[in-house]
Amino acid sequence: MIKKLLVIFPALLLVIGLVTLAEAYTLSPGEIEVIDLINAERQAQGIAPLLHNATLSAVAHSHSVDMATNNFFSHDSFDGTSAFTRINEAGYDGSPLGEVIGAGFSDAQSIVDAWMNSPGHQAILLDSSFDRIGVGYYYGPGSSYLYYWTADFGNGGSIDPVPVPSTLLLLSSGLLGLGLLGRRQRKQS
């Protein structure tokens, strides 16, 4: 019963208009870990860490869901909408923007390793002109790659970043298990 309420309640608030898409979306432990891992890579290079932005995460998650449920892999949405159009239409007005996607990687470490081992993706992850990040993950049973990841990047913008608790903080506080109740359960570009 609690599991169903954790999933239904945010959706209900979104439907009745009490919260925005970004406010209704909460990060999974794996998404938090991706942000932590990317920030560790940036800090190792002397680059400032990225701040989480809920709007960017909501857009990233929506794109990962789109790829899994429509069984495709592309920066453009199934309907042809570009990554940057999706981000702008969600209300994020920072600039510049960037995106990396991945599919087939079952955990945060493997997707970040894949991105870091690709010069083009690594350049986006380590780009010092970005100061915001949003990450979206979705598991799509029956889809070609099963696991879909999207990370969207921006700079500034009028939407305040939302602080993200680190994976270590969630584990030490015992909240990691609670967060899993409301969450959904190798190719890269």
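All of the points below concern the structure found in this document.

About the cut-offs
Residues numbered from 1 in each chain as written. Predicted model: local features only at pLDDT ≥ 70, side-chain atom pairs only at ≥ 80, totals over all residues. Heavy atoms only, no water. Helix = DSSP H or I, 4+ residues; strand = E, 2+ residues; numbered from the N terminus. Buried < 20%, exposed > 50% of the residue type's maximum accessible area, 1.4 Å probe, protein only. Areas by Shrake-Rupley, 256 points an atom, 1.4 Å probe, with all protein chains shown as cover. Lys, Arg positive; Asp, Glu negative; His and termini not counted. Salt bridge = Lys/Arg side-chain N within 4 Å of Asp/Glu carboxyl O. Polar contact = N/O pair within 3.5 Å; in protein donor to acceptor, adjacent residues only side chain to side chain. Contact = heavy atoms within 4.5 Å. Expected span 1.5 Å × (residues − 1). Core = buried A, V, L, I, M, F, W, Y, C linked by side-chain atoms within 4.5 Å. Phe/Tyr/Trp six-rings, centres within 6.5 Å; stacked < 30°, edge-to-face > 60°. Pairing = 2+ DSSP bridges.

**Observations concerning the overall build of the chain**
Reasoning step 1: From N to C terminus, the chain includes nine helices and five strands.
Reasoning step 2: Seen in sequence order, the chain has helices and strands lined up from the N terminus as α-α-α-β-α-α-β-α-α-β-β-α-α-β.
Reasoning step 3: By the burial criterion, 43% of the 189 residues in the chain qualify as buried.
Reasoning step 4: As displayed, the chain has an accessible area near 9,400 Å², and 59% of this comes from carbon and sulfur atoms.

**A closer look at the side chain of Asp66**
Reasoning step 1: Along the chain, Asp66 turns up in helix 4 (residues 54-69).
Reasoning step 2: Here Asp66 occupies a buried position and makes no salt bridge, while the nearest side chain of opposite charge, Arg86, is found at 6.0 Å.
Reasoning step 3: In terms of polar contacts, Asp66 uses its side chain to reach the backbone amide nitrogen of Phe78, at 2.9 Å.
Reasoning step 4: When neighbours within four sequence positions are excluded, Asp66 is seen to be in contact with Asn71, Phe72, Ser77 and Phe78.

**A few points about helix 3 (residues 29-44)**
Reasoning step 1: Compared with an ideal rise of 1.5 Å per residue, which puts 16 residues at 22 Å, helix 3 spans 22 Å between its outermost C-alpha atoms and is within 8% of the ideal.
Reasoning step 2: Taken as a whole, helix 3 has its buried residues at Pro29, Glu31, Ile32, Val34, Ile35, Leu37, Ile38, Asn39 and Arg42.
Reasoning step 3: Downstream of helix 3 by a residue or two, Gly46 has a phi angle that is positive, lying close to 75°.

**Section: the nonpolar core**
Reasoning step 1: By size, the foremost hydrophobic cluster in this structure holds 25 residues, and its most contacted members are Val34, Ile38, Trp115, Trp149 and Phe153.
Reasoning step 2: Among the secondary structure elements, those contributing two or more residues to this core are helix 3, helix 6 (108-116), strand 3 (132-139) and strand 4 (147-154).
Reasoning step 3: Here this core takes six residues from helix 6, the largest share from any one element.
Reasoning step 4: By size, the runner-up hydrophobic cluster in this structure holds eight residues, among which are Met67, Ala68, Phe72 and Phe73.

**Some thoughts on the packing of aromatic side chains**
One pair of aromatic rings is described through two measures. These are the centre distance and the angle between the planes.
Reasoning step 1: For the structure shown, the criterion picks out seven aromatic pairs.
Reasoning step 2: Note on Tyr137 and Trp149: the rings are 4.4 Å apart at their centroids and 45° apart in plane angle, and the pair reads as tilted. Taken together, the residues span a long stretch of sequence, with Tyr137 in strand 3 and Trp149 in strand 4 at a distance of 12 residues. Of the two residues, Tyr137 and Trp149, neither departs from the other in class, the shared state being buried.
Reasoning step 3: Three or more aromatic residues joined by ring pairs make a cluster, and in this case those are Tyr137, Tyr139, Tyr147 and Trp149.

**Focus: the pattern of salt bridges**
Reasoning step 1: One pass over the full model with this rule turns up two salt bridges.
Reasoning step 2: The salt bridge partner of Arg86 is Glu99, with a shortest N-O separation of 2.8 Å. Taken as a pair, Arg86 in helix 5 (residues 83-89) and Glu99 in strand 2 (residues 98-103) lie far apart in primary sequence, 13 residues in all.
Reasoning step 3: The class for Arg86 is buried, based on a relative accessible area of 12%.
Reasoning step 4: Residue Glu99 is classed as buried on the basis of its relative accessible area of 6%.
Reasoning step 5: Two residues, Arg132 and Asp131, come together in a salt bridge whose shortest N-O distance is 3.2 Å.
Reasoning step 6: Assessed through its relative accessible area of 12%, Arg132 is described here as buried.
Reasoning step 7: For Asp131, a relative accessible area of 24% gives the class partly exposed.

**Thoughts on the pairing of strand 2**
Reasoning step 1: For strand 2, a buried count of six out of six residues is recorded, marking the element as mostly surrounded by other parts of the structure.
Reasoning step 2: Here strand 2 shows a buried face lined by Gly98, Val100 and Gly102 and a second buried face lined by Glu99, Ile101 and Ala103.
Reasoning step 3: Two elements, strand 2 and strand 4, share six bridges in a ladder whose sense is antiparallel. Bridge assignment links Gly102 to a residue of strand 4, and that residue is Trp149.

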